[in-house]
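These are the residues of each chain, in order.
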Amino acid sequence: MQVSVYRYNPDVDEVPQMRDMSVDLPEGKDLMVLDVLELLKGQDPTLSYRRSCREGVCGSDGINMNGKNGLACITPVSEVVKRGKLVLRPLPGLPVVRDLVVDMTQFYRQFEKVQPYLINDQPPPAQERLQSPEQRAELDGLYECILCACCSTACPSFWWNPDKFIGPAGLLQAYRFLADSRDSATAERLSKLDDPFSVFRCRGIMNCVSVCPKGLNPTRAIGKIRSMLLHQGT
Amino acid sequence: MALVTNVTSLTRSGLADFLIQRITAVVLALYTLCVLGFLLVTDNLSHAALVDYFGSMGMRLFSTMAVLSTAAHAWIGMWTVGTDYIRPHYFGTGATVFRFVYQSGCVLILFVYVAWALQLFWSL
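Here the structure is a predicted model, which is why all the values come from computation and not from measurement.

## Some words on the nonpolar core
- If you look at the biggest cluster of nonpolar residues, it comprises 60 residues, and the most contacted ones within it are Ala 72, Leu 171, Ala 174, Tyr 175 and Ile 225 of chain A.
- When residues of this core are traced back to their parent elements, those giving at least two are strand E1 (2-7), helix H1 (33-43), strand E3 (62-65), strand E5 (85-89), helix H3 (105-113), helix H6 (167-178), helix H8 (207-211) and helix H9 (218-233) of chain A.
- In terms of residue count, the dominant contributor to this core is H6 of chain A (seven residues).
- Sequence-distant contacts of Leu 171 of chain A, that is, excluding residues within four places in its chain, are made with Ile 166, Val 199, Pro 218, Ala 221, Ile 222 and Ile 225 of chain A.
- Grouped together as the second largest cluster of nonpolar side chains are six residues, Val 67, Ala 71, Trp 75 and Ile 76 of chain B included.

Right under this line is the structure:
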C-alpha cells in the first residue's frame, strides 16, 4: 500500500513536504493506522508521532488520515484508505513540532480557560457530595472526552481564532461543569463565556461531531451553553 | 468578566449579537414575503401603485425596521467575517490596520445605505 506522510524537521527542512512510502500489509488482516505507522517507523526510525495506550483511551495519536481527523490506534486502514493510498498529516491548525507531532499549547490554554474542575464554596460533607442518578446522568456524553484535540483541530472557527474561540473540546468540558449539580459557580462560568468569541464563534457546522473518536457531541453541548446564557441574560 | 473583550462588535455581548442577528433575519424574511406578496397580487404594477403601497404609514415603519435590521444584521456578519479572516496569520503586521479600514468601510457603506433608504421611504 502507498502511504504519503507529512514530514517536517524544523532543524533541517526549510519547508514541510509529503513523502511517499510503501508498506506490505498482511493478507486477510485489517490493520489500524497506528500499525501502519509502526511499520513505517521500522523503515525510517526518524519518523515522529505520538502514541501511548494504542486502544483509544489516552488520546495521544490524533492525526489527520486522508483528510479526516481521528485516532490512529482505533481507525482501521480500510475505513480511511482511498484508491489504495493512505495520506497522513498532523492535526490541522496547530504548529508542527516535527512530522506528525503538533504543539498543543493553544489547545490546552483554551481548556484551562473554562476552569475544568469542580467549584463549590460550601464546606465539603464528611464523605462525598452526593448526586441523584438523574443528576449523574446529565454528565453522560460529557465526561468521556479524552482531549485528543481531533474536534477542535477540525473546526475552522478554531483555526481562525485559536486564541479567542474556546473550541469544541473546551466547550464540551465547560458544559460538563455547568451541568454538574455539585458545581456552584454556574453564573460566574456563564458570565465569562458571554463574549462574541468564546462560545458564539461556533457556526454549528458540526465537524467536531463528525470526527470525535469517542462519539461525543460538542455541538449539542454548545447549544446547551447558549440556552443557559439565554436564560441567564433574558 | 468575559474571557475576550472586543470593542468593535455591535453590542460586545456574544448573546446579544447572536439574538440580534436572528431577530433581524426574521424581520427581513417577513419584509421579503410582504414585498413579494405585493408584487405577486398586484395586476397593474405602476409607479403610482408602488408609491401608494410603500407610502402608507404601516409600510414606511416596516421599511424603516427592515433597513435598520439590514444594517445591524450586515454589521454583525461582516464584523464576524473580518475577525475570522483579516488576521496577522494572513496579513502580517498590517492586519490590524487592514481590519480597521475594512470595518470603517463597512460602517460608511451601511450608514449611506440607511440614510439613503430613510430619505427615500419618508419622502414618498
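## Observations regarding the sheet that holds strand E4 (residues 68-71) of chain A
Residue and element names in this part refer to chain A.
- Across the sheet, five strands lie side by side as E2-E1-E5-E3-E4; this open sheet has mixed pairing. This sheet does not close on itself; its edge strands, each paired only once, are strand E2 (17-22) and E4. Across the sheet, the axes of successive neighbouring strands diverge by a mean angle of 30°, strand direction being ignored.
- In this structure, E3 lies alongside E4, joined through four bridges in antiparallel fashion. Across the sheet, the residue bridging to Met 65 is Lys 68, located in E4.
- Along the sheet face, H1 touches E1, E2, E3 and E5 and points at about 75° away from the line of E1.

## Re the interface of chain B and chain A
- Each partner contributes residues to the interface: chain B has 15 residues there, and chain A has 16 residues.
- Top contributing element to the side of chain B that touches chain A by residue count: helix H1 (residues 14-41) of chain B, with four residues.
- In terms of residue class, the side of chain B that touches chain A is built from seven nonpolar, five polar and three charged.

About the thresholds
Residues numbered from 1 in each chain as written. Chains lettered and ligands numbered in written order. Predicted model: local features only at pLDDT ≥ 70, side-chain atom pairs only at ≥ 80, totals over all residues. Core = buried A, V, L, I, M, F, W, Y, C linked by C-beta atoms within 7 Å. Buried ≥ 20, exposed ≤ 12 C-beta atoms within 10 Å, placed from the backbone. Helix = DSSP H or I, 4+ residues; strand = E, 2+ residues; numbered from the N terminus. Contact = placed C-beta atoms within 7 Å. Pairing = 2+ DSSP bridges. Axes fitted to C-alpha atoms, helices over the stretch in contact; angles between N-to-C directions. Nonpolar A, V, L, I, M, F, W, Y, C, P; charged D, E, K, R; others polar.

Keep in mind that these numbers describe shape and distance, not what the molecule does.
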